[in-house]
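# Reading the structure
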Amino acid sequence: MSVKYVPVQWNRFKWGYDALLLIGTGLFLWIFIDLAPGVLSHERPINPQIHNARAFGACAFVMLTVILCIGPLSRLDRRFLPLLYNRRHFGVLTAMVALTHFYFILNWYFAFSPVDKFEAVLSANTNYDRVSGFPFEIFGVFALMSLLVLSTTSHDFWMKFLTPPVWKRLHYLIYPTYAAVVAHVMLGTLQDQQDQGLTVIVVVSAILVATLHIAAALKERVTPPQTSGWLRVGPAADIADGRALIALLPGGDRVAVFRHGDKLSAIANACAHQNGPLGEGRILNCFVTCPWHGFQYDVTNGRSPAPFTEKIPTYNLRVDEGVVFVDPDPNAPGTFVPPVISPLAERVS
Amino acid sequence: MTAAGTLIDIAAWWLIAGAVVAGLFLTIGIDRIDEDSRGAYAFRPLLIPGILLIWPMVLWRWIRLEGRSEQWHARYRPPRAAHLPVAILLAAALGLAVIAGLNVRQTWPAQTVPERLSKVEP
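In this text the structure is predicted, and so the values were computed from the model without any measurement.

### A closer look at the overall build of chain A
Scanning chain A from N- to C-terminus turns up nine helices and 13 strands. Considering only C-alpha atoms, chain A reaches an extent of 75 × 40 × 35 Å along its principal axes. For chain A, with 349 residues in total, the buried portion stands at 37%. Long-range pairs, those at least 24 residues apart, make up 57% of the contacts in chain A with a sequence separation of at least 6.

Structure follows, in structure tokens:
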């Protein structure tokens, strides 16, 4: 989190996350490059440039696969949510590893070309009309360009500047990027492998990523109600203290109705930071805390505590015979709405 | 000039245009459209690589924010409805890549005689 783009609240967990990330990446590369070149069963002797290129390429693939799994795993099981915390750092590191892979490839396979080496990447193989022998390099180039766009637009400024929904749509690039990486590997290095181990790893990774994304998307699939006027959310007694009920509004937006003791308040479910699901968070120290990155809001006015300046819309509520209803028209972000009193013991008859 | 050479030239010009936009945006624009940026300078160099790559998007947002035509509702509408279509498309693309790669692989599932893809010109 940042105030005026100066990082604050950099806690031990975040330091630990980044440290683990760096150690894990370093360990992978060390094992691949120095410790176990003998067990990688290269059919022909290879020089250090090729060996390094393979190490960084394999590392980038594994990192990208893990990144792609974190999102759906967090939606399927809340225990994976902590992995989301510094996922952007994970992404930036992956882009750097992929760039290093490109550096080794460029300065070996294309370094001795009669034309400029960048031009050689695009012109060395132009068999776009066939699958066998297809210029798989183009998938790698696309993936690298996409990873650079994603990593260079990961700073908090971009989310505020582009708005979270536009930023999110831009970052959907990660999906064609992963597909391009799999195509790059399948039509590239796997065409020349006698050993089936790498093939199994790549195919299992692709199946895992695809399955997790479909499972998470199916879990979230709901149809917005077609009603107008105040919307029934559910029994007030079903809302646990410090937790929320999430309701889908006719326009497709979501509202989170929170209980704080015997008071109920409603705020937008989308965090101002990355549109994380606030309703899946809980109230800590009087503020609802986003489960994705820990941004906090006062549930009565949708404002982050000072010195933070984030604001989210609030909603008007009423409770009729123990049932919570919400006005689907949001108030402007930061608008105070008096909480509705509803004791925990009150139950629907 | 070859098609590849033209693409490299376009990329170079794209980056030059991005550098111009970065210079203007980080010295003039950012203070006008983002109050949190006023007086904050250390983070600005971090934005340069992103602006070089997506400068048309930067210009679009800059113009939009200058015009004050933005609806605040739009900030709180995550594209959740796209999750399932995106997941299906991703699965299809991955399946296609895997099947294509395995189908044309010359040494899989059994060892076969290598096939020459194209003749070498004398």
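The rest of the description comes next.
### Re helix α2 (residues 44–66) of chain B
With 23 residues, α2(B) should reach 33 Å at 1.5 Å per residue; the first-to-last C-alpha distance of 19 Å falls well below that figure. The set of residues buried in α2(B) consists of B:L47, B:G50, B:I51, B:L53, B:I54, B:W55, B:V58, B:R61 and B:W62. Close packing links the buried residues of α2(B) with α5 (137–152) and α6 (156–162) of chain A together with α1 (3–33) of chain B. B:R68, located one to two residues past α2(B), shows a positive phi value of around 55°.

### Focus: the sheet that holds strand β8 (residues 287–289) of chain A
Residues and elements named next belong to chain A. With antiparallel pairing, the three strands of this open sheet are ordered in space as β7-β8-β9. This sheet does not close on itself; its edge strands, each paired only once, are β7 (282–284) and β9 (296–297). Sheet analysis places β8 next to β9, joined by two bridges and oriented antiparallel. Counted as the bridge partner of T289 is Q296 from β9.

### A word on the domain arrangement of chain B
Interfaces are often sized by the accessible area lost when the parts come together. Split by domain assignment, chain B resolves into domain 1 (3–77) and domain 2 (82–108). The C-alpha-based centres of domain 1 of chain B and domain 2 of chain B are spaced at 35 Å.

### Some points on helix α3 (residues 83–103) of chain B
Over its 21 residues, α3(B) runs 30 Å from end to end, which matches the ideal 30 Å to within 8%, given 1.5 Å per residue. Among the residues of α3(B), those classed as buried are B:H83, B:A87, B:L90, B:L94, B:A97, B:V98 and B:G101. The buried residues of α3(B) occupy an angular sector of 95° when the element is viewed end-on, so they sit on one face. Those residues of α3(B) that are exposed and angled more than 90 degrees off the buried face are B:P85, B:A92, B:I99 and B:N103. If you follow the buried residues of α3(B), they end up packed against α8 (174–186) and α9 (197–220) of chain A.

### Brief notes about the pairing of strand β4 (residues 244–248) of chain A
Residue and element names in this part refer to chain A. One ladder, built from five bridges, connects β4 with strand β5 (residues 254–260); its direction is antiparallel. Residue pairing in the sheet places L248 in a bridge with R254 of β5. Hairpin connection from β4 to β5: five residues lie between these consecutive antiparallel strands, with G252 at a positive phi of about 105°.

What counts and how
Residues numbered from 1 in each chain as written. Chains lettered and ligands numbered in written order. Predicted model: local features only at pLDDT ≥ 70, side-chain atom pairs only at ≥ 80, totals over all residues. Helix = DSSP H or I, 4+ residues; strand = E, 2+ residues; numbered from the N terminus. Buried ≥ 20, exposed ≤ 12 C-beta atoms within 10 Å, placed from the backbone. Contact = placed C-beta atoms within 7 Å. Expected span 1.5 Å × (residues − 1). Pairing = 2+ DSSP bridges. Domains from an automatic or database assignment. Arc of directions from axis to C-beta.

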